[in-house]
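Structure at a glance
These are the residues of each chain, in order.
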Amino acid sequence: MNQQEFVSLIAPFKDKVFRLAKRLLVSTEEAQDATQDILVKLWDKKKDLGSYQNIEAFAMTMTKNYCLDQLKSKRASNIKLVHTNFTDREPRLDQKIEDEDSLSWVEKMINELPEQQKIIVQMRDIEQYEFEEIAKILEMNEGAIRVALSRARKTIKEKITKTHQYGIS
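Every residue gets a number counted from 1 within its own chain, in the order that chain's sequence is written. Local features in a predicted model are, by the rule used here, given only for residues with pLDDT of at least 70; side-chain atom pairs are given and counted only at 80 or more, and totals for whole chains, interfaces and linings are based on all residues. Side-chain numbers come from the whole structure's heavy atoms, not from hydrogens or water.

Turning our eyes to something else, we now look at the packing of aromatic side chains. Ring pairs are drawn from Phe, Tyr and Trp, using the six-membered ring of Trp, whenever the two centres fall within 6.5 Å, and their geometry is named by plane angle: stacked under 30 degrees, edge-to-face over 60, tilted for the rest. Scanning all chains against the criterion turns up zero aromatic pairs. Only when the NZ atom of a Lys or the CZ atom of an Arg is both within 6 Å of the ring centre and within 35 degrees of the ring normal do we say a charge sits over the ring. In this arrangement the basic side chain of Arg 124 is found over the ring face of Phe 131, its NZ or CZ atom lying 4.2 Å from the centre. Seen from the ring of Phe 131, Arg 146 lies directly overhead, with NZ or CZ sitting 4.0 Å from the centre.

Structure (structure tokens):
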């Protein structure tokens, strides 16, 4: 494969490689370097590229892995994985009130559960205990814990759905 064929092969997706690198690395310069490194690696593998069904998918996978490796190696520096749509702002007042209301409904529904289910929901979903720990504490087997938790969650879900569907036919 000559240079002209290689360029025509990667041209349709080289901008996608850059955009993915930019999304992961944030820095334009780092993304440009990553893109260049990926293209060099693809050039080095040009003899084998014909064996890949989807060269674009292969290149995007290479880009993702390369960028994640870069992030790991430079974790201490200012490069970090971020979500570009993130905004650090307080939720609206109506959203806060709605969230508090929903939480109070869920709390009320948990309190209406049978004692054993209530304890299991508290330990697993609120306190974040592992099933093994809950089983030891409650002297039950893990399967019984999972069944009880599943039933409790189902009950809570049904009650929430029923509560929020009032007046809707």
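Structure shown, so let's carry the discussion forward.
Now for a negative patch on the surface. Like-charged residues are merged into a patch within 9 Å and nonpolar side chains (Val, Leu, Ile, Met, Phe, Trp, Tyr) within 5 Å, provided each residue has over 30% relative accessible area and no salt bridge. Accessible surface is estimated by sampling points in the Shrake-Rupley manner with a 1.4 Å probe; for residues, cover comes only from the protein chains shown. Salt bridge, as applied in this entry: a Lys or Arg side-chain nitrogen positioned within 4 Å of an Asp or Glu carboxyl oxygen. Counted as positive: Lys and Arg. Counted as negative: Asp and Glu. His and the chain ends are not counted at all. A charged residue contributes its charge at one atom only: NZ of Lys, CZ of Arg, CG of Asp or CD of Glu. A surface patch of like charges, here negative, comprises Glu 98, Asp 99, Glu 100 and Asp 101. With respect to the helices and strands, Glu 98 occurs in helix H5 (residues 93-111). A helix here means a DSSP run of H or I that spans at least four residues, while a strand means a run of E at least two residues long, and both kinds are numbered starting from the N terminus.

The cut-offs for exposure are 20% and 50% of the maximum accessible area for each residue type, with area from a 1.4 Å probe on protein chains only; residues under the lower value are buried, those over the upper are exposed, and the others partly exposed. Turning to helix H7 (residues 131-138), its buried residues are Phe 131, Ile 134 and Ala 135. Along the axis of H7, the buried positions cluster into a sector of 100 degrees, meaning they face one direction only. We call two residues contacting when some pair of their heavy atoms lies within 4.5 Å. Tucked inside the fold, the buried residues of H7 contact helix H6 (115-126) and helix H8 (142-164). Following H7 by one or two positions, Glu 139 has its phi on the positive side, about 55 degrees. What the arc describes is the spread of directions from the helix axis to the C-beta atoms.

This part covers the nonpolar core. If you look at the biggest cluster of nonpolar residues, it comprises 20 residues, and the most contacted ones within it are Ile 10, Phe 13, Ala 34, Ile 38, Leu 42, Leu 49 and Cys 67. When contributions to this core are tallied by element, the ones reaching two or more residues are helix H1 (3-10), helix H2 (14-25), helix H3 (28-44) and helix H4 (55-73). Top element by residues in this core is H4. It accounts for seven residues. Discounting residues that sit within four places of it in the chain, Phe 13 has contacts with Leu 42, Ile 55, Glu 56 and Ala 59. Ranked by size, the runner-up nonpolar core spans 13 residues in total, among them Ile 110, Ile 120, Ile 145 and Ile 156. As used here, the term nonpolar core means buried Ala, Val, Leu, Ile, Met, Phe, Trp, Tyr and Cys residues forming a set that is joined through side-chain atoms within 4.5 Å.

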